[in-house]
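Residues per chain, in single letters:
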Amino acid sequence: MQAPAWLTAQPFAHRGLHDKARGVPENSLAAFRAAVEAGYGIELDVRLSRDGVAMVFHDSTLDRMCGEPGRVDQLDAAELQKKRLLGTAETIPRLTEVCALMAGRRPILVEVKNASARLGPIETATAIAMRDYNGPFAVMSFNPRTVEWFEEHAPQLVRGQVIDLKPRPGPLGKLRLLGTAWLLWRRHGKPHFLAYDINRLPAPLATRARREGMPLLSWTVRTPDHLRRARDLADNIIFEAAGRPA
């Protein structure tokens, strides 16, 4: 399967078109609604609830967005749906709720948050939630093994590899960096596109991918300078705030 044209047809709003000052939290139905109305696709994050439901939330813990302690994976979906985002009336949505809201009107990039070695539960929940979505979407992840899981178990889905290749502290940091790079050079999971950190561009891996015809999306475009660089170095953007294209 070749990468579909919709991947580069319109910019993607990072976690929706959110604006904390206006009471529109990230990864909320309000943020996704605003993106649709503005004509953008959306990027969102998925984590797994304790009872195996794909929930749209970025962090592993609730403190930053909900102002209380607790882990997403230690609460059932019904409990998570009662948590208010940044003190607003917006709550943590299920992935199926976002699909119902979007209704095929704009493309969706679904980032699967799986930093563990365990594969299957969150990937399966994501695939099930998106199964009946009548519109363009892709799954993507920082974890090459997750991308590989989708290649093996849901090969019909468009899939992408998210990359920062940022060195991490500690003795395992360099090993993780080299391991990820090696997997990508070997086309592990056979992604249809790359989503690359704007702060790591230009990069040999990104240049090679584009030369071979693989679309390159860049994240997170937050400033006018980011936007200018992305226009030269990438095929599309995942943006926020001041990085919003005119």
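An account of the accompanying structure is given in this report. (Residues numbered from 1 in each chain as written. Predicted model: local features only at pLDDT ≥ 70, side-chain atom pairs only at ≥ 80, totals over all residues. Heavy atoms only, no water.)

**Considering helix α9 (residues 224–233)**
- For α9, the complete set of buried residues consists of His-226, Leu-227 and Ala-230. The buried side chains of α9 occupy one side of the element, clustering within an arc of 100 degrees when seen end-on. Across from the buried face of α9, at angles greater than 90 degrees, the exposed residues are Arg-228, Arg-231 and Asp-232.
- Buried residues along α9 sit against β8 (216–221) and β9 (236–239). (Buried < 20%, exposed > 50% of the residue type's maximum accessible area, 1.4 Å probe, protein only. Helix = DSSP H or I, 4+ residues; strand = E, 2+ residues; numbered from the N terminus. Arc of directions from axis to C-beta. Contact = heavy atoms within 4.5 Å.)

**Section: the nonpolar core**
- The biggest cluster of nonpolar side chains holds 48 residues, and the ones touching the most others in it are Leu-44 and Leu-95.
- By residue number, the principal contributor to this core is helix α4 (residues 95–102), which donates 5 residues.
- In this structure, Leu-44 is in contact with Asn-27, Phe-32, Val-56, Leu-95, Val-98, Ile-108, Leu-109, Val-110 and Glu-111, ignoring residues within four places of it in sequence.
- Counting 13 residues, the second-largest nonpolar core is a separate cluster that includes Leu-109, Ala-138, Val-158 and Trp-219. (Core = buried A, V, L, I, M, F, W, Y, C linked by side-chain atoms within 4.5 Å.)

**Considering the pattern of salt bridges**
- Considering all chains together, one arrives at 17 salt bridges under this definition.
- The partner of Asp-59 in a salt bridge is Arg-64, with the nearest N and O atoms 2.7 Å apart.
- Overall, Arg-64 belongs to the partly exposed group, its relative accessible area being 40%.
- Overlapping salt bridges bring together Arg-15, Glu-26, Asp-45, Asp-59 and Arg-64 as one network. (Salt bridge = Lys/Arg side-chain N within 4 Å of Asp/Glu carboxyl O.)

**Here's the deal with helix α8 (residues 204–211)**
- Buried within α8 we find Leu-205, Ala-206 and Ala-209. Relative to the axis of α8, the buried residues are bounded by an arc of 95 degrees and lie together on one face. Exposed and oriented more than 90 degrees from the buried face of α8 are Pro-204 and Arg-211.
- Phi turns positive, to about 90 degrees, at Gly-213, one or two residues after α8.

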